Amino acid sequence: MSRFVRASKYRHVFGQQGKKEYGYDNVKVTNSAWDTNIISASTRYISLNWNASGGGAFAILPLPNPFTPLPASFPSKLPDLIPLARSHTGPVLDTDWSPFNDAVVASAGEDGKALIWKVDDGAFGGWGQDGWEPQDFDPVARVDVSPRRVGHVLFHPTANNVLATSTGDHVVKLWDLAQLENARAVLGGHGDAIQSLAWNPTGTILATTCRDRKIRLFDPRAGPDPVRVGEGHGGIKASLALGARVVWMGDRDRIATTGFSKMSDRQAAIWETGGLSNVKTITIDQTSGVLMPFWTDNNILFLAGKGDGNIRYYEYENDNLFPLAEYKSSEPQRGMCFLPRRGLSVSDCEIARAYKVAASSIEAIAFIVPRKSDSFQSDIYPPAPSAEPALSAAEFFSGKTAPPKLVSLEDGSITAGSAPLSIPTTPAAAPTPTKTTSAPPPAAAPAPVVSVREEPPAPTPEPEPRVPTRSQTVPSTDDGAVAALKEENARLTAELRDAREKIRNLELQVETVRANARKAAALLDS
C-alpha cells in the first residue's frame, strides 16, 4: 500500500443534514413501482410524486434549506390535505423543473400525457391560517405524448421550451412547448423500456439506457436512429424493474452509468462517448436497490441507492473514481434529487445539496468543504449553468448550437460557456471516409455527434460550404429567377448535408483512433 495520500481539496467533504423542522414530515410518497427519482427541485420549489386517489397527482412545496427554517407560518408537518397538481388520470411517474424558470415544472403520467405547470407567487399564502382551504394547481399546457405511459420528462439544458419525453412505445419524443401539435423529433431504436435520459451540457446529444442492457447516444437533429449503440451493464436485473441509469460527466466526452453485473453486483461505470467503450467499472456491493447517479461540476459523482441509508461520493480524475467518503443515515431513501448549483449557499462552503425522500419525510442534506476563511472560495465554485437560455426552441430545431450560459457564484455575472468542440469551426476535408454501421443517415438538421475535448487532428480542415443568401438580388416579379434560386438553394443544401455527414464519419474515425491510443498508452504504463 502506498504511504502517500492523494492530494484533493474535496477529501474532507462531509454531508450535513438540516434540522428536522427545516424539512417536511407527513408526506405521502407514491407507491408506483416505476423507477424514477420521485422528487425534483428548482431553486424555489420541489415536486414530489404523491400517493393520491382518483388519478395521479404530485405535490409542489417551497424549497427547504438545511441552514434556515421554512418560510414563516409554513408547517414542517404537512396537513393531511394539501394543494396538489391533480390533472393526470393515472399515477404521476416523473417531474422535471425548467432550468430557465424556477416556477415551471413538467410532469409525466401513466395516462400517456405530459403536463406543464406554473406556480404563482402567491400559491402558498395563508397556509396554516384559520379558514384556509387547499386549492389544487391547474396545468397551463397539455401534451398528448402517447397512448401508453410517459416514463420520463427532461428539459433541454440550453434551449428554452424544449422538452424530451420517453414513452411506453420505446421512443423518445422532443417537443417545442410553443407548438404542441406534433413532436419535433422522434428517437427510436430501443428494444425495450427506456430507463433513463441525460443531455450533454450543450444539449446536442441525448444519452439513454434501456431494459435491453444497451446504452444509446442520439443526435436528435440528425435523424431518429442512435449515432452510437454500446453494451451496458450485463446483469439480469437490468432487464427487470431494477435498471441502469446514465448521467453526463460535465463537458467531457464521458458518461457515467450505474447498473448490475451478471453476478447481481451493483456497479458504477465510465464510458467514452466516441465508441461507447468502457473506461472504468467499479463494484459497489450486492444490494438490490437501484443506484441513482448525480454529477457535479466539482468532478464528484454521487451515488445514492434506493433502500440505502447512505450516499457515496467519488472524485473523478484521470478516468478513475477515487472514493471520498459516505454520508450515512439509518433511514433508507426512496428517492433523491440534487439542487441546481446556482442555488447553493456559498457562504457555508456548500458544493452540493441533496433532497432525500424517506418513508414519510423530505430532508435537505448539504455537502460541505470545511474551510476557515469567510471569503469566497473560487477554487471549489466553478461557474454554474445560469437561468438564461442560450437558444430558443426554433433555433435549436433549425440546427443552431450554442454553449450554455454560466453564472458566477461570486458576483452573479453571466458568461458564455465553452464552445461545443464537436462542431469544427473549419470542418475537415471531404475525402470519402469508410462509413461505420453506427453513423446516422444524412439529415436536414445537422448537429454534432459527441462532445470532444481535444482539438480534432487531421484530416486537414477546409471551410464549410455555406448556403448563399440571395434575397436582396431577387426581383419579386421574376418568378423564373425565384424558381432557379430555389433549385440552387436545394442543391447547395443537399451538398451541405452530405459534407456534414462526411464530417460526422470522420469524427467517429478520430474518436476510434483516440480510444486505441489511450488503450495503447495504458498498456505501456502498466
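Here, residues in each chain are numbered from 1, in the same order as that chain's written sequence. With the structure being a predicted model, the display of local features is reserved for residues of pLDDT at least 70 and the display and counting of side-chain atom pairs for 80 or more, all residues being used for whole-chain, interface and lining totals. Derived side-chain values reflect all non-hydrogen atoms in the structure, with water molecules and hydrogen atoms excluded from consideration.

Overview of the sheet that holds strand S16 (residues 206-210)
Part 1 of the reasoning: Strand pairing requires that DSSP identify at least two bridges connecting the strands. Each helix is a run of DSSP H or I of at least 4 residues and each strand a run of E of at least 2, with the numbering of both proceeding from the N terminus. The antiparallel open sheet is built from four strands, whose spatial order is S15-S16-S17-S18. In this open sheet, the two edge strands, each paired with only one partner strand, are strand S15 (194-199) and strand S18 (228-231). Neighbour-to-neighbour, the strand axes of this sheet turn through a mean angle of 20°, independent of strand direction.
Part 2 of the reasoning: Of the pairings in the sheet, the one linking S16 to strand S17 (residues 214-218) comprises four bridges and is antiparallel in character. When the sheet's bridge partners are listed, Ala207 is paired in S17 with Leu217. Axis lines are fitted through C-alpha atoms, for helices just across the contact stretch, and the angle between N-to-C directions can take any value from 0 to 180 degrees.

Some points on the sheet that holds strand S30 (residues 384-385)
By way of backbone hydrogen bonds, the strands of a sheet pair with one another, either parallel or antiparallel.
Part 1 of the reasoning: On the basis of which strands lie adjacent, the open sheet formed by three strands has the order S30-S31-S32 and antiparallel pairing. Looking at the sheet topology across the chains shown, the edges are occupied by S30 and strand S32 (414-416).
Part 2 of the reasoning: Of the strand pairs in this sheet, strand S31 (residues 405-407) and S32 are connected by three bridges, and their pairing is antiparallel. Within S32, the position partnered with Val407 by the bridge is Ile414.

Structural notes on the environment of Glu110
Part 1 of the reasoning: Mapping Glu110 onto the fold places it in the loop between strand S8 (104-109) and strand S9 (113-118).
Part 2 of the reasoning: With 40 residues separating them along the chain, Glu110 and Val150 place their C-alpha atoms 6.0 Å apart.
Part 3 of the reasoning: Contacts between residues were defined by any pair of non-hydrogen atoms, one from each residue, lying within 4.5 Å. Discounting chain neighbours no more than four positions away, the residues touching Glu110 are Gly90, Pro91, Leu93, Arg148 and Arg149.

So, unusual backbone geometry
Trans is the common state for peptide bonds, and a negative phi is the common state for residues other than glycine.
Part 1 of the reasoning: Of note, His170 is a non-glycine position whose phi angle comes to about 70°, a positive value.
Part 2 of the reasoning: Within the chain, Ser264 stands out as a residue other than glycine whose phi angle is a positive 70°.
Part 3 of the reasoning: For each residue, the accessible area found with a 1.4 Å probe, counting protein chains only, is set against the maximum for its type, and the residue is called buried under 20%, exposed over 50%, and partly exposed in between. The partly exposed category is assigned to Ser264, whose relative accessible area is 22%.

Focus: the packing of aromatic side chains
The description of an aromatic ring pair rests on the distance of the ring centres and on the angle between the ring planes.
Part 1 of the reasoning: Two aromatic rings, drawn from Phe, Tyr or Trp (for Trp, its six-membered ring), form a pair once their centres lie within 6.5 Å of each other, and the interplanar angle then sorts them: stacked below 30 degrees, edge-to-face above 60, tilted otherwise. By the definition in use, this model includes 17 aromatic pairs.
Part 2 of the reasoning: On the numbers, 5.8 Å between centres and 35° between planes, the contact of Tyr45 with Phe124 is tilted. Highlighted residues: Tyr45 in strand S4 (residues 45-50) and Phe124 in the loop between S9 and strand S10 (139-144), separated in sequence by 79 residues. Of the two residues, Tyr45 and Phe124, neither departs from the other in class, the shared state being buried.
Part 3 of the reasoning: Through a chain of ring-to-ring contacts, the aromatic side chains of Tyr24, Tyr45, Phe74, Trp97, Phe124 and Phe137 assemble into a single cluster.
Part 4 of the reasoning: The rule is short: NZ of Lys or CZ of Arg within 6 Å of the ring centre and within 35 degrees of the ring normal puts a charge over the ring. Its guanidinium or amino end placed over the ring of Phe322, Arg6 lies 4.2 Å from that ring's centre, counting from NZ or CZ.

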